[in-house]
Amino acid sequence: FQQATALTHIAADRLIDVERGEVIDSPVVAIDGNRIVSVQAGGEVPDDAIRLTGSTLIPGLMDMHVHLTGDAHTHGYRRLAISNVRSALTGARNARISLESGFTTMRNLGAAGYADIALRDAINAGDIPGPRIFVSGPAIGITGGHCDNNLLPAEYAAVGGGVADGPWAVRAKVRENLKYGADLIKLCATGGVMSKGTEPGAQQLALEEMQAAVTEAHNRGVIVAAHAHGTEGIKAAILAGVDSVEHASFLDREAIRLAKKHGTVLSMDVYVTEYILSEGEKAGILPESLEKERRVGGRQRESFSEAVEAGVKMVFGSDAAVYPHGQNARQFSRMVQFGMTPLQALQASTINAAKLLGKERDLGSIDVGKLADIVAVPGNPLEDISVLEKVQFVMKDGEVFKNNTGVY
Ligand code: ARG
């Protein structure tokens, strides 16, 4: 004898089936608790359904590269005035903003003092609203590298929490991050734009160090993301077996070939350059970083177009925190401008991201059996991708966090 449960129904004008690349007209989605139990086209709409007239239903959006505990106005030396505890509270606000803008799942790739783990646990406990977040703890990299803190002279002894030199030290850092609750590992394979005294084109972690990290992480069942702008660092990260390369700015044919051969996913933040170059100075970004961005941004867009053309696996990764949280979706129109179809851009931020996380049974599409992470946008994103910047309705795990449609 089965107990009757009250289902929640959502009706809308259309639904994007991201796996099959199809549009379903007049869908009715039934949700039991936090799971989707049916998706019907043109069916009867129950009286108590949430009617999102004029809207398109899409799976909850997934951003595979953010830093919720950081803000777009505290760059450079301003960062030094912010404690790790304070940054966790910053994260609470940014988690809510991100969820309300339609992102129901995120990867947080690098946070000081395990503030990201506190944030994830607070969201999961229901203390604060936020996306499902998968977090790395401190990013692992070399002394003086992109993931170290290079802002102060030696007498202050400032060292980034993930600094490690040598394969065994890197393995120890992986173990330490997992001990304190990391879901995945972030490595810094090259220099970067925002860090002081590093060169984006130059490799940092050695091949042997990245191999050690990947072996240790994969043995423990967790994935590895590698920050890499420069060509040699990208190739070394791929050969070491990382699951995703972040930024991937200076791709060449060989790097693209290797990514395809190894099934490596690219997460390319092709919007952020616009913010850095227009607002960066006011936001405290170091002059040297502005100079580096002028060398990186344009090349990254070309690399993006080449990678899309070659059919490399891609996910949506914005690097929000460098630019304001809540504006993540601005990247969609750039992804289309630089070569993706709207459907590909939507797949990058849903089903492809779910696969990268190994969570495609639960996340990434509106399908029977999956968790009820459902977003509604005005109009059809396959015709106008920019509607993703105007999310009206957000359900995460069966719970409604936003409904601006005016219809209930
Ligand atoms: N966190 C990255 C770095 O500092 C940001 C790069 C932003 N620029 C870009 N064109 N994607 O290297």
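Everything here concerns the structure above.
Let me sum up the structure you'll find in this document.

Here is what the cut-offs are and how they apply
- Residues numbered from 1 in each chain as written.
- Predicted model: local features only at pLDDT ≥ 70, side-chain atom pairs only at ≥ 80, totals over all residues.
- Heavy atoms only, no water.
- Buried < 20%, exposed > 50% of the residue type's maximum accessible area, 1.4 Å probe, protein only.
- Helix = DSSP H or I, 4+ residues; strand = E, 2+ residues; numbered from the N terminus.
- Pairing = 2+ DSSP bridges.
- Right-handed = clockwise from strand over helix to strand, strands pointing away.
- Near = heavy atom within 4 Å.
- Polar contact = N/O pair within 3.5 Å; in protein donor to acceptor, adjacent residues only side chain to side chain.
- Areas by Shrake-Rupley, 256 points an atom, 1.4 Å probe, with all protein chains shown as cover.
- Nonpolar A, V, L, I, M, F, W, Y, C, P; charged D, E, K, R; others polar.
- 1 Å grid on protein atoms, 1.4 Å probe; cavity = no way out; pocket = protein on both sides within 12 Å on 5 of 7 lines; lining within 4 Å.
- Points joined across faces, edges and corners; volume = space filled by probe spheres on them.
- Expected span 1.5 Å × (residues − 1).
- Bend = angle between axes of the 7 residues up to and from the residue.
- Salt bridge = Lys/Arg side-chain N within 4 Å of Asp/Glu carboxyl O.

### A short note on the pairing of strand 9 (residues 185–188)
1) Next: What you see with strand 9 is no split at all: Ile 185 and Leu 187 on one side and Lys 186 and Cys 188 on the other are buried throughout.
2) Next: Bridge analysis of strand 9 against strand 10 (residues 224–228) gives 4 bridges, and the strand direction is parallel. If you follow Lys 186 over to strand 10, its bridge partner there is Ala 225.
3) Next: Chirality of the crossover, the property in question, places the unit of strand 9, helix 4 (residues 207–219) and strand 10 among those that are right-handed.

### So, the site of the ligand
1) Next: Lining the immediate environment of the ligand, one finds 15 residues, of which Val 193, Met 194, His 229, Glu 293 and Asp 319 sit closest.
2) Next: At 3.0 Å from a nitrogen atom of the ligand is found a side-chain nitrogen or oxygen belonging to Asp 269.
3) Next: Glu 293 places a polar side-chain atom, nitrogen or oxygen, 2.7 Å from a nitrogen atom of the ligand.
4) Next: For the ligand, the protein covers 97% of the area, taking 340 Å² as the surface of the free molecule.
5) Next: Elements with a minimum of two residues in the shell around the ligand: helix 7 (272–279) and helix 8 (287–310).
6) Next: For the shell around the ligand, the leading source of residues is helix 8, giving 4 residues.
7) Next: Of the residues in the shell around the ligand, the class split is 5 nonpolar, 7 polar and 3 charged.

### Section: empty space enclosed by the protein
1) Next: Tallying each qualifying case throughout the model produces 1 cavity of 30 Å³ or more.
2) Next: Within this model, the largest cavity holds a volume of roughly 60 Å³.
3) Next: Lining the largest cavity are Pro 59, Gly 60, Met 62, Thr 104, Thr 105, Asp 362, Leu 363, Gly 364, Ser 365, Leu 371 and Asp 373.

### Quick look at helix 8
1) Next: Across its 24 residues, helix 8 extends 35 Å between first and last C-alpha, which sits within 8% of the 34 Å expected from 1.5 Å per residue.
2) Next: Where helix 8 bends most, at Glu 293, the angle is about 30°.
3) Next: Where helix 8 is concerned, the buried positions are Ser 289, Leu 290, Lys 292, Glu 293, Val 296, Gly 297, Gln 300, Ser 303, Phe 304, Ala 307 and Val 308.

### Some words on the pattern of salt bridges
1) Next: On inspection of all chains with the given rule, the structure shows 22 salt bridges.
2) Next: We note a salt bridge from Arg 171 to Glu 216, for which the minimum N-O separation is 2.7 Å. Of this pair, Arg 171 sits in helix 3 (residues 167–179) while Glu 216 sits in helix 4; the two residues are 45 residues apart in sequence, bridging distant segments of the chain.
3) Next: When its relative accessible area of 17% is taken as the criterion, Arg 171 is described as buried.
4) Next: The buried category is assigned to Glu 216, whose relative accessible area is 7%.
5) Next: Members of the salt-bridge network, linked through shared partners, are Asp 17, Arg 20 and Asp 367.

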